[in-house]
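Okay, here's what each chain looks like letter by letter:
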Amino acid sequence: MAHEIELKLALGTESAEALRRHPRLAGVTPTLTQLGNTYFDTPEGDLESARMALRLRRADGRLLQTLKTRGQGGGGLSTRGEWEWEVPGPGLDLEGLAALPPLAEREAGLLERLAPRFATDFARETWWLDHEGATIELALDLGEIRAGERVVAIRELELELKAGEPEALWSLAEALTDSVALRPSDTSKAARGGALLEGARSLPEASSPVGWLHRATVALDALADSGDDAWRLEARRAFQRLAELGDDADGDNGAASRRDEARALAEALDDEPWLTPTFGRRMLRLARRLPGDADLS
């Protein structure tokens, strides 16, 4: 098992080209890979209920099977358990799955009921950077998620820590916002595909500052996929509640800054376009100040 530490960022419609032109990537040649992925679950969604994601990935003539477990974090930053190995195909390696700790105690017959649920296809451009003593892989993903007749776009940037301290991920992301419109995202491709398949979304409950930030982030993820302004309103309410908690936090030296950033984000959601480099920079600063201890999908 590996532990994946990454900062997931959603991009605006023009952000990919702005990213490619960014000075931090000058002189660094990316690799380009076409990735086709099929996600599996039972008809009842047992893996999704357990916050697990299982996929087969086709890349460079190889077939890779990956199981990821529940993430922990928030504001785009996550730590997840991950098992990945090459398989002969064409289907799942059920024997290998049965040996993994997350599935070892599941009900008998669960693995036999696994079936394809949805697919993602995207082009990945990858850069490797040394930044503030850390080695970071930048992966720009552009493509789509398909569930039956429903389709949503993939426009994501993932900063994965390969060596060093997680703080370098925040620093690099903020540096990119001088010209790139991006924001933290807490919803995985697997969770987005599941929501697309079911045609329904829900928001996490919140009672703490990190919980309200997570709720706002998930609402923005839903807005990006659905275009439904009801999610914009939910995000605005979550940022406003976060600002109110900042007012109430006696003795918290960071409360005033948190309050100001949250209020500015709530107000910016009335603008068109709302996702700008300034919006992303404010949201990253807010997320960076809060402990990432929310349960992620």
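Look a little higher up for the structure.
Residues numbered from 1 in each chain as written. Predicted model: local features only at pLDDT ≥ 70, side-chain atom pairs only at ≥ 80, totals over all residues. Heavy atoms only, no water.

**A few points about the nonpolar core**
The test is simple: Note on terminology: a nonpolar core comprises buried Ala, Val, Leu, Ile, Met, Phe, Trp, Tyr and Cys residues joined through side-chain atoms within 4.5 Å. Accessibility here uses a 1.4 Å probe with only protein chains present; expressed as a share of the type maximum, an area under 20% marks a residue as buried, one over 50% as exposed, and anything in between as partly exposed. Working definition: helices are DSSP H or I runs of at least four residues, strands are E runs of at least two. Numbering for both runs from the N terminus. Residue contacts are defined here by distance: any two heavy atoms, one from each residue, within 4.5 Å place the two residues in contact.
Ranked by size, the top nonpolar core spans 55 residues in total, and within it Leu-138, Leu-159, Phe-239 and Phe-279 carry the most contacts. Considering each element in turn, this core owes the most residues, 8 residues, to helix α7 (residues 209-226). Not counting residues within four places of it along the chain, the set of residues in contact with Leu-138 comprises Leu-25, Glu-125, Thr-126, Trp-127, Leu-129, Leu-157, Glu-158, Leu-159, Leu-172 and Leu-176. Judged by nonpolar contacts, the second largest core, of 17 residues, contains Met-52, Leu-56, Leu-63 and Leu-103.

**Section: the pattern of salt bridges**
Any two side chains of opposite charge can pair, on the condition that their charged atoms come close. Convention followed: Should a side-chain nitrogen of Lys or Arg be within 4 Å of a carboxyl oxygen of Asp or Glu, the pair is scored as a salt bridge.
Scanning the entire structure with this criterion turns up 37 salt bridges. Here Lys-189 ties to Asp-141 by a salt bridge, and the two come within 3.0 Å at their closest N and O atoms. Of this pair, Lys-189 sits in helix α6 (residues 189-198) while Asp-141 sits in strand β8 (residues 134-147), placing them 48 residues apart in sequence. One exposure class covers both Lys-189 and Asp-141, and it is buried. Linking Arg-288 and Glu-167 is a salt bridge whose minimum nitrogen-to-oxygen distance equals 2.6 Å. Remark: Glu-167 occurs in helix α5 (residues 167-176) and Arg-288 occurs in helix α10 (residues 277-289); sequence separation between them is 121 residues.

**Remarks on the environment of Leu-114**
With respect to the helices, strands and loops of the structure, Leu-114 is situated in the loop between α4 (101-104) and β7 (115-131). Looking at Leu-114, the relative accessible area reads 13%, which means it is buried. It is 22 Å that separates the C-alpha atoms of Leu-114 and Thr-187, two residues lying 73 residues apart in sequence. Beyond its immediate chain neighbours, meaning those up to four positions away, Leu-114 contacts Asp-41, Thr-42, Leu-47, Leu-54, Leu-92, Leu-94 and Leu-97.

**Observations regarding helix α9 (residues 255-268)**
Selection rule: In this analysis, the expected span of each helix is defined as 1.5 Å times one less than the number of residues it contains.
Compared with the 20 Å implied by 1.5 Å per residue over 14 residues, the 20 Å span of α9 between its first and last C-alpha is a close match. Regarding α9, the residues found buried are Ala-255, Arg-258, Glu-261, Ala-262, Ala-264, Leu-265, Ala-266 and Ala-268.

**Thoughts on the environment of Leu-111**
Tracing the backbone through its elements, the reader meets Leu-111 in the loop between α4 and β7. Exposure remark for Leu-111: the relative accessible area of 13% places this residue in the buried category. C-alpha of Leu-111 to C-alpha of Asp-93: the two residues are 18 residues apart in sequence and 9.9 Å apart in space.

**A few points about the packing of aromatic side chains**
What counts, and what does not: In this analysis, rings of Phe, Tyr and Trp, with Trp reduced to its six-membered ring, are considered paired at centre separations within 6.5 Å, and the interplanar angle assigns stacked below 30 degrees, edge-to-face beyond 60, and tilted for intermediate values. Whether a charge sits over a ring depends on NZ of Lys or CZ of Arg being within 6 Å of the ring centre and within 35 degrees of the ring normal.
Tallied over the entire structure, the rule returns 2 aromatic pairs. Ring geometry for Tyr-39 versus Phe-118: centroids 4.9 Å apart, planes at 15°, classification stacked. Of this pair, Tyr-39 sits in strand β2 (residues 31-41) while Phe-118 sits in strand β7, and the two are 79 residues apart along the sequence. For Tyr-39, a relative accessible area of 6% gives the class buried. Arranged with centres 5.1 Å apart and planes meeting at 70°, the rings of Trp-274 and Phe-279 form a pair that is edge-to-face. Pair check on accessibility: Trp-274 and Phe-279 agree, each one buried. The ring of Phe-122 carries the charged tip of Lys-189 above its face, separated from the ring centre by 5.0 Å.

**Looking at the packing of α9 against α10**
To be explicit about the condition: Axis angles are defined between N-to-C directions and span 0 to 180 degrees, where every axis is a line fitted to C-alpha atoms and, for a helix, only to the segment in contact. The handedness criterion is simple: a crossing whose near helix is rotated anticlockwise from the far helix by less than a right angle is left-handed, and one whose near helix is rotated clockwise is right-handed. Following the grouping adopted for this structure description, the nonpolar residues are Ala, Val, Leu, Ile, Met, Phe, Trp, Tyr, Cys and Pro, the charged ones are Asp, Glu, Lys and Arg, and the polar ones are all others, Gly among them.
Two elements in contact, α9 and α10, have axes whose closest approach is 10 Å; the angle formed by their N-to-C orientations is 145°. Considering only the axes of α9 and α10, their crossing is left-handed. Packed against α9, whose contacting residues are Ser-257, Arg-258, Glu-261, Ala-262, Ala-264, Leu-265 and Ala-268, the element α10 presents Phe-279, Arg-282, Met-283, Arg-285, Leu-286 and Arg-289 at the interface. Residue classes in the contact of α9 with α10 are distributed as 7 nonpolar, 1 polar and 5 charged.

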